[in-house]
Structure formats: structure tokens, C-alpha cells
Protein chains: 2
Amino acid sequence: MPAHRVVIVGGGFGGLHAARALRRANVDLTLVDRRNFHLFQPLLYQVATGGLSPGNIAAPLRAILKRQRNCRVWLANVTGFDVQNKQVILDDGTLPYDTLILAAGARTSYFGQDAWAAEAPGLKTIEDALSIRRRVLTAFEEAEREPDPGRRASLLTFVIVGCGPTGVELAGTLAEIARHTLRQDFRAATPREARVIMVDLAPRVLGAFPEALSSEAQRQLEKQGIELRLGAKVTNVTPAGISLQVGDHEETIASSSVLWAAGVEASPLGKALADVTGAAVDRQGRVMVQPDLTIAGYPEIFVIGDLAHCVDKDGRPLPGVAPVAMQQGTNVASRIRARLDGKAEPEFRYTDYGSMATIGRSAAVAQIGRWQFRGMIAWLLWLFVHLIQIVQFENRVLILFQWAWNYFTFSRSARLITDVMPEGHIPNERQPGRVAESR
Amino acid sequence: MPAHRVVIVGGGFGGLHAARALRRANVDLTLVDRRNFHLFQPLLYQVATGGLSPGNIAAPLRAILKRQRNCRVWLANVTGFDVQNKQVILDDGTLPYDTLILAAGARTSYFGQDAWAAEAPGLKTIEDALSIRRRVLTAFEEAEREPDPGRRASLLTFVIVGCGPTGVELAGTLAEIARHTLRQDFRAATPREARVIMVDLAPRVLGAFPEALSSEAQRQLEKQGIELRLGAKVTNVTPAGISLQVGDHEETIASSSVLWAAGVEASPLGKALADVTGAAVDRQGRVMVQPDLTIAGYPEIFVIGDLAHCVDKDGRPLPGVAPVAMQQGTNVASRIRARLDGKAEPEFRYTDYGSMATIGRSAAVAQIGRWQFRGMIAWLLWLFVHLIQIVQFENRVLILFQWAWNYFTFSRSARLITDVMPEGHIPNERQPGRVAESR
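Because the structure is a prediction, the values reported are computed rather than measured.

### Side note on the packing of helix α1 (residues 13-21) of chain A against helix α10 (residues 322-341) of chain A
Residues and elements named next belong to chain A.
Okay, so step 1: Two elements in contact, α1 and α10, have axes whose closest approach is 7 Å; the angle formed by their N-to-C orientations is 35°. For α1 against α10, the interelement crossing comes out right-handed. Residues Phe13, Gly14, His17, Ala18 and Ala21 of α1 form the contact with α10, whose own contacting residues are Ala322, Ala325, Met326, Gly329, Thr330, Ala333 and Arg337.
Okay, so step 2: Residues belonging to the contact of α1 with α10 are distributed by class as follows: seven nonpolar, four polar and one charged.

### Quick notes on the environment of Thr157(A)
Residue and element names in this part refer to chain A.
Okay, so step 1: With respect to the helices and strands, the residue Thr157 is situated in strand β11 (residues 157-161).
Okay, so step 2: The class for Thr157 is buried, based on a relative accessible area of 3%.
Okay, so step 3: Residues Thr157 and Leu16 lie 141 residues apart in sequence; the distance between their C-alpha atoms is 39 Å.
Okay, so step 4: Sequence-distant contacts of Thr157, defined by excluding residues within four places in its chain, comprise Arg195, Ile197, Ile253, Ala254, Ser255, Ser256 and Ser257.

### A closer look at helix α7 (residues 165-181) of chain B
Okay, so step 1: Relative to the 24 Å expected for 17 residues at 1.5 Å per residue, α7(B) spans 22 Å between its end C-alpha atoms, a close match to the ideal helical length.
Okay, so step 2: Burial analysis of α7(B) places 13 of its 17 residues in the buried class, which makes it a mostly covered element.

### Notes on the side chain of Asn36(B)
Okay, so step 1: Along the chain, Asn36(B) turns up in the loop between β2 (27-33) and β3 (37-39).
Okay, so step 2: Residues within four places of Asn36(B) in sequence aside, it is in contact with Leu137(A), Glu141(A), Arg415(A), Leu416(A), Ile417(A), Ala59(B), Pro60(B), Leu61(B) and Leu75(B).

### Concerning empty space enclosed by the protein
Okay, so step 1: Applying the stated criterion to the full structure yields 17 cavities of 30 Å³ or more.
Okay, so step 2: As a volume, the second largest cavity reaches approximately 140 Å³.
Okay, so step 3: Lining the second largest cavity we find 18 residues, and of these Pro54(A), Leu130(A), Arg133(A), Pro54(B) and Leu130(B) sit closest to its centre.
Okay, so step 4: When contributions to the lining of the second largest cavity are tallied by element, the ones reaching two or more residues are α3 (54-57) and α5 (126-145) of chain A together with α3 (54-57) and α5 (126-145) of chain B.

### Thoughts on the sheet that holds strand β15 (residues 241-246) of chain B
Residues and elements named next belong to chain B.
Okay, so step 1: Reading across the sheet, the three strands line up as β14-β15-β16 and stay open at both edges, with antiparallel pairing between neighbours. The sheet terminates laterally at β14 (232-238) and β16 (249-254), the two strands that pair on one side only. For this sheet the average axis-to-axis angle between neighbouring strands, irrespective of direction, equals 20°.
Okay, so step 2: Where β15 meets β16, six bridges bridge the pair, whose relative direction is antiparallel. Bridged to Ser243 within β16 is Thr252.

Calculation rules
- Residues numbered from 1 in each chain as written.
- Chains lettered and ligands numbered in written order.
- Predicted model: local features only at pLDDT ≥ 70, side-chain atom pairs only at ≥ 80, totals over all residues.
- Heavy atoms only, no water.
- Axes fitted to C-alpha atoms, helices over the stretch in contact; angles between N-to-C directions.
- Helix = DSSP H or I, 4+ residues; strand = E, 2+ residues; numbered from the N terminus.
- Left-handed = near helix turned anticlockwise from the far one by under 90°.
- Contact = heavy atoms within 4.5 Å.
- Nonpolar A, V, L, I, M, F, W, Y, C, P; charged D, E, K, R; others polar.
- Buried < 20%, exposed > 50% of the residue type's maximum accessible area, 1.4 Å probe, protein only.
- Expected span 1.5 Å × (residues − 1).
- 1 Å grid on protein atoms, 1.4 Å probe; cavity = no way out; pocket = protein on both sides within 12 Å on 5 of 7 lines; lining within 4 Å.
- Points joined across faces, edges and corners; volume = space filled by probe spheres on them.
- Pairing = 2+ DSSP bridges.

In C-alpha cells form, the structure reads like this:
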């Protein structure tokens, strides 16, 4: 009898953990992804701010899975599903499965205002991170040559929409760059003139954290000179800046660098699967899954990670974070093994080990179980947890070295403005919002 | 009296060495570049083959020059020169000088066949290197999914045009990747099926080296399974492959990855300067300079590096290599200091310390003074010389670590295919020659 064919769509935290947990199972495993690498998204903001290179936080899927002989990696683009014939539809063929694990993740959401995407890059991909890096560094470069004070102020104003962990990490690092890293680098403009402004509709930063840690994070952000606009609704984003509504009050901030860390929506593959199976999707496009992570009527189709809407025992949806995806991946793998062995499937129950966010140099907040941490201790905890999770040993050591170096020297060596210009062309168009946004 | 204004165009080896050598001079120095970083070009082939990340071999010009208070860095695009009014013309302004140092370097030349550029990327910029990396890795990925043996062979055939040091280094590394790095990574295609073919019109590899080292390099290349087509003229390059003429014999090689390491031509700024000063340019567009590195009639304009046609005492033009540019940069700086002090200018005489090329793992050839080296010793020499030259301490250590890691594990961690696709799009179009060549 040929081995049971398992197809995993997506090589993020969920898909990769499912694949790894099936390494000793008698299955014929195919991991399909549009990209040839696994991305360690929690450190993407470090690439966006020049502290790490893309190669430091991404590892080729083939390299991770090279010794897992029951698994092949397929670089391909999934466009839909033929659930009757149990086939994944690719843009150039099909891929048959006996069991399907859909783990295609999420992408940046502009809440229906897709026109804002061109003005305010999100932070979900390597290309996003390099686009933000290019935009921020170009703004400092142009400020150095800009004689008009108003225009220079706009260049040196960085607005971050979204006060979740990603927004807080970006803001903290930008403030650090302006106040320390670039201090001696410029002659005319002063990076210390830079303003970093955070915007959120929510009344507090890190809304998913306990209130005490929220206020601690806010205190640390303000200590770094970061301005907060809480309870503020974004009404427009243009190349000239961003418009906000705070209560009855309206405000327009001139800024050439608006960065978007505000929200995500599910991969369109969730909707594609729902359309052919009758499964429901929630407002963010996530597929509603049953307690066993399958969709109703299709026991052979699992949906996990950011693409799944899965509720805990109190009926609250689980957050879109890496630990949920990893635990779901492992659970699905155990279920598949149990089915093949004719045993009972293990229940899925999410264990929340806590959450943490870093706020620049030596500052962070963390909740682990019932304990709360802040400042240097939280920062070291954050460092430790992230380092041990990075997939490959090499990356771990390199990143540790790079961080140690950055920490002690205030340097950020990956500050390259790349991908801006064809030969003989211009890196410094006067509208940074318009700098060639080729990918 | 205001300080003497020196403008340096170009932050490569020549321009940067000139700037550094002026650090104690009483000058008002501006270094203009289109890019915000200095690129260590000798290691670019390592980025193209996934061994190093761009951040490892590039350092922000501002970071290098941050403590040099008499120097400012200007990220701008130079479009021409107003030599009467002593101004450099930018696309958005002008920059006055008392002394001008033009060090704008060279770019890939297709010998008038510009249409080939799209099919056969060169290796002069970070973007070039990432484009080659994308093309090579995509070819392996597509071969894995390609059922047709002919098409698979074409995907796994890599043709390198040019047998100088860059071509030899690229070929050696590609052979190493196919035979070692990727050996376990694929299931259907076998990377060991890969062919690496080198093409050159010259009758031997490394034509600028002594004959003994040329034959040694050829022996080492062939030992790695690399095929050589010497005395071969390229007659066409298309998405399907490359056509050659060897004597009366014609040959077409089906290949989806033709890489161009064959020639360079001067930056168009050389021609722009010649047009307004009446200076002569040679066939590659290099400006003919006088023994003092100025152009006739304009003692305040120096041209150095790959952009200068400068002859040694026997009348032979100096090669376009980093040591020439660095020594010229230092000499021009000394001349400027001498002029300001009313002293005699030091003569320029190029000291040739030798040349070296690496041929993949533990193999290299080197000539240093009258000594010739080969094999492991030459390779260690090559490693040593390149490491001590990299500008920033940090990069040096990181690269050493990365190399040690790559060497002992056969791994190449920066194997990321990036910049291929807008959201929801396709990384694997069936024509790799046509994969979105966005920069």
C-alpha cells in the first residue's frame, strides 16, 4: 500500500512544526510554499531597522528539512482546492493529498483602504522589511540635504500605526537609531530632531497585555521620547502624511514615513477553501475550525495558525501568534499518526506560556504564567526566548554576535539602501513616499 | 579664508581611500555617491552564491566616515560637470568644488549587445548578486518539479561567460553548491546532474596571470567537473541558452542560467567629463589621465580607479583592480595636501603586490611578488588578504565566522529567493529567464 499522502500548504511556524512532527510517521509528505525559506517573523522588525540581514532571520526550507527523507519541498503557488478529488490546485498543475494541512498564514490588512498600502508599508515579508529600511534610511539621507525646515521636519517624522508588539518594537528601535546609532553620522540634519509618533484606535498600547504591563510599556516609550496618539482613528494616508481623528479633534501629521503595524487579514486561500467546502470564515477571513482543527464535513482537511479561527474552552478565539500555530501543527501531526495507527486522537488545548514585547535598548515587558517582568530582565528574557527558537544553530550564533555588537557599539551595520535604482538612475527622488517601490 | 573644497564622486575603493587619506587635511570634503554604502566587490560572488548576506560585504559610507569631521556624505546622483564654474551637476542641484576627484568606477559591459543584459546578469552591484542568486536557486527549484529530462538538463546547466577571477570564483562556487551544499536537499532532481560551463574568447583562464598559474587553475577547475570552452566567441544569448563559435565550429548550449563575468566599461560620467574638458577616452570609456592623475588643462580635476586610463612606466595601462584605485586615491590625497602646503607633489607609481583568485573550496592560485602559490596555501592567503581589507571590524569577524561555518558544514545559509513576487503572485514561472527581474 502506498504511504498516506500529506500535503502541507505553508512553511511558517504551523506548517513547519507539523512537518517536523511527522518525521517518523509512515507518510509521503509534501510541504508547498511560494517562498523557498522559513521566515522568523518575530525578528522582522530588526531587518526593517538595519540591525540584522534577511539571511539572519530566514532559513531555506530545504536546508531545515534536508534530513527528513519522508518530506519533499515544493516551491509552487497554490491557487485553490478540488476537495472532491482531494487535490491542491497549483498555477501549473495539481497535487493530490489524502490529508491536507492548510497553514497559509496572514498578511497585512489596511481595513479596506488598500490605497494606503503604497504609502504605508506593512511588516509581514522580507520585502516589506527592506522597503521600510529603504524608506527610513532615505528619509534621513534626504533630510541631510533638505534646506527647507518644514520639509526636513516631515522627513524626520516617523509615524507608526498600531501599538501592538510589532508597532512598539519598531518605534523603540527607530527612536534608538535616531538618538544613538545615527547621532554622529550626519552633518547638516540632526537625527535627534527626529520624532517618532505611535497611533492606535485602542486606548492603550499592547492592548492584549495586562494593564500593568501596558502602562509600564507606555512609560518606557515616553521615556524614549516617543509620542503617543491613543484612541485615534486614521482617516487618511497620503504621500504627505497621515490624518487622524481623536474624538472631535482632527489632526494631520506631515510625515514621509508612515509605517503600518495595525492589522492582519487571512490569506485568500482561507476564503478559497471555504468557498468549496461551505466552511464559515470570520471577519478577517480566517476559517472557522472545529475543536479537532478540521472543518465540518472534511475530517481530512486541517486548518491551523493565523489562517484558522479556533476558540479556546471559554469560547474566545486564540490569538494569531507563533506559539498557537506551533502547538496546532504538532497536534495535527499527532492526530495523523494516531489515525494511521488506529488510535484515539489527542485533544488540542492551547497552553499559553505568556507574551512579551521589547521596547528598544534594554527595555521590554513580559508576562510568563502569573509573573510579570519589565526593564532589563524582561529584555534578557525576550532575547533568550527568541534566540532558542530560531531554527538553525548558525543563525542563532550569528544573531547573538550581531546583537551583542549592536548593543555595545550602538551600531546597526545592515543599513543598506538597496533595490532603489536601475543603472544610471536616481536614489533620491524628492518624494520618498514615491521612491521606486519595486519588489 | 574658507577651507579648500574637495568633492569626491564615488565611494568605492578609490574614492573612499582618497577621503580617508584627507582626514587630517584642512579641507571641506564632500563624498557623493548614488548608494549609501561602500561595497566590497571582491566578495560579491559570495552573495551571488548564497554564502554571505549583502550586509556582510557592504558598510554604510556614513558609518565608515562618521568620525571624520571634515567630511560629509551626500547621497545624490551626479549627472555632469560645469568645469568653467567648477561645479558638479546633480539631478537636483549643484555642488561647487575647488578640487574634484572623479572615482565613479565601472559597470558590466556586453560589448555592444545590450539586449543580452536581460538574459545574462552581470556581477557589479548588490542587486546583480541577488539577481544571480535568485536565478540559480530558482533553476534548482524548477528542476525539482520538471518531468521533462531535456528541460531539466537546461535548468541544471550554468554557463559563465568570462574566465577572469570573477568567472573562476563564480564557477568554482557553483560547482561546490551543486556537488556538496544541495546534495541532500532535493528529492526528484539531482543537483549532481548540474553542469557548469565556462566560456571565454581567450585561449586560457585567468589570462592576466602567469601561464603556470593559468594551467594550474584550469586543472583545478576541471578537477571540479567544470567544462571549459576556450577560444569561444559568444554569438547570441537568449532565454533558451547561449550560442558559441569555436573556430569554424558552432555550438548552442541550452541553459536557463547564463551569467556574465566577461567585461566592464567605464561609468558614463567619464564620457561626460571628457565632453566638457576635451580629454580623451579609451575604448572602454575610461578617461586618459596624465602621470599626475589629472586631465590635461585641468590641474584641479583628478580621475582615479576603474574610470581612469593610466599607464605605467612601460606605457601599459594599469588593470582595473582595487589596489590600483586605492593607491591612486591615497596619492591624490597626498597631492592635495602638498599643494595646500606649497610643497612638491609625490609621484604616483603603482606597486603591484600580486594577484590571486580562488576556485572554490580550499583551492586558489596566487602570485605575490616573485612567488607563486596554489591549492590550500593560496586559498588561505586569499582568505587572509581579503579579510584584513574589509573596512569594518564587525564585518570581518562575522564573515570569518560565516566562512568557517560554511567550510566545515558545506552549508550556505543565505540561500533566499527574494524579490520575486507581489502578494498572491507566482515565484515559479516556467521560464526562469523571465522571472520578474525587478530590482
